[in-house]
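Observations on chain architecture
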Amino acid sequence: MSSTAPAADVASVVVRLQADVAALLALDLTQVDGVSGPALHRSLATAAGQVQAVAARVLARVEADGRWADSGWRTFGEWAARRQGASVAAVRRDSALGHALDDDLPGTRLALHAGAVSLEHAQVLARYAPTSPARRAALASARPELNEAHLVAQASRQGVDEFGRTVRRWASAVDAAAAEAEGEVAAAKEYLTVTRRPDGVALQGFLTHEHGEAVATALRAVAGVPAATDARSREERQAAALVDAARLVLDRGLAGGGQSVRPHLTVLVPWETLLGEVQRAATQDGDDAETWLPAGWRTDVTAPAETLGGTLLTRSVLDRLACDSEISRVVFGPSGDVLDVGRMQRTYTGQQRRAVIARDRSCRYPGCGAPVMLGGVHHVVSWAHGGRTSVHNGVLLCWFHHDLVHRRGLRISRDGPEGRWVFVRGDGVRIDDVQSAPHAQDRPSGAAPPRDDGAECPAPGSTHRRVAPTPAQGMLSMSA
């Protein structure tokens, strides 16, 4: 079709095209299979791209004509999007492609018409190539390593993703000053918003290519290779990796005051709620809670734990946080005055933690094996349930499986002469995998399984000796 064809001729071709499309839509595709389908799809995709390119050029001419402004719309994108039922972004993209094909990329237009390059290749060129005077001059130059013919030849041999990198490198080399300015504009657009919602927190943001790649690389490094039993989607694993990366920074003191372990999440737990948790543990373990709870103390109705920001925590989350955190006691009088401030250290000390790590080496959940830096030490019998903070009562779990153990109420014990960790569900089914046992190379040859540091820990289901708490109004500030 000639670019100077009368509008009536263009319209007649469009009518015939619509008739052909109608006939195509009426075809029975049930006979298309894996043998004939690929070639048919390629032909259809090429034709569709060619038609979309012509449509983009038509749209660009409508914009250049200017009569659309008489309708009162502020921008051409808004006007055309309303008429076509499209998005403003799509209209702007198509219009830019049409202008580029007509004004700056004639070779690309001919290659697209011939089916030598795809519509996406042309969109990449329109997006990055004719974006500054120096780049336009390079496109039209006779230099074979810089001009449009060179880029079109690259497009015919490369996939769209690879070609996009090729064109961006070309644009940076041809006009470094423009590339620097574009980088500054992109950096100025960076943002991150953290929005609280009733069921969680939503993240939205924008990063430059450099920073985005840094984040993506870090998430891949933290997420690692999923275990065979890990049924999470890629998106779910990335979300977990983002949280794990934040925990790494906070737990290891990589920012702020330089402390080795700093409080990074403060949770307020009403004293009654803690008593309720202890009573629930006693009932599960077969104890008579009434023998050690204060007389008349009610724990059937308790206020939920919450963060300083007011986010309420479920019981399983509270259990997991309480597993390896510092707890500070603050007792209030009837008028709200602070009567007493104390602290109970019940986290694993440096030596204890090192001993557990030396024994377990990695996450002990069946089939996981996540490295040490992505987790912590879990109380096999929780501290709130009477468990001791001892090496015998500690097991190394990654943060994901640490949460999972608390959410599902899994029971953990050591079994056999090798001291194999055993995970059991609430219905008694054992979560078993050969990878859950410490490997032979994890210990020196002939060495016996590591022993406790002297403090015996009751096994799950046994009777624990507890000290009755003193009735008081209070709040626990737990830094996890």
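Predicted, not measured: the structure shown is a model, and the values here were computed from it.

1. Some remarks on the sheet that holds strand β9 (residues 411-415)
Judged by pairing direction, the sheet is antiparallel, and its three strands sit side by side in the order β9-β10-β11 without closing on themselves. Sheet topology places β9 and β11 (430-431) at the edges, where each strand pairs with a single neighbour.

2. Considering the environment of V356
If you trace the backbone, V356 turns up in helix α15 (residues 350-360). The exposure class assigned to V356 is buried, which follows from its relative accessible area of 0%. Linking V356 and V391, residues 35 residues apart in sequence, is a C-alpha distance of 5.9 Å. Sequence-distant contacts of V356, that is, excluding residues within four places in its chain, are made with R361, V377, V391, G394, V395 and L396.

3. Structural notes on the confidence of the model for the protein chain
Residue-level pLDDT values for the protein chain average 75, and 68% of them are 70 or greater. In this model, residues 285-299 is a region of pLDDT below 50 whose contacts with residues beyond four sequence positions or in other chains number 31 contacts. Segment residues 433-480: pLDDT under 50, and 126 contacts once partners within four positions in sequence are set aside and those in other chains are kept.

4. A look at a nonpolar patch on the surface
A surface patch of nonpolar side chains, about 540 Å² in accessible area, is lined by L24, L27, L29, V32, L40 and L44. Among the secondary structure elements, L29 is positioned in the loop between α1 (7-25) and α2 (37-65). Judged by its relative accessible area of 59%, L29 is exposed.

Criteria and cut-off values
Residues numbered from 1 in each chain as written. Predicted model: local features only at pLDDT ≥ 70, side-chain atom pairs only at ≥ 80, totals over all residues. Heavy atoms only, no water. Pairing = 2+ DSSP bridges. Helix = DSSP H or I, 4+ residues; strand = E, 2+ residues; numbered from the N terminus. Buried < 20%, exposed > 50% of the residue type's maximum accessible area, 1.4 Å probe, protein only. Contact = heavy atoms within 4.5 Å. pLDDT = per-residue confidence, 0-100. Patch = residues over 30% accessible without salt bridge, like charges linked within 9 Å, V, L, I, M, F, W, Y side chains within 5 Å. Areas by Shrake-Rupley, 256 points an atom, 1.4 Å probe, with all protein chains shown as cover. Salt bridge = Lys/Arg side-chain N within 4 Å of Asp/Glu carboxyl O.

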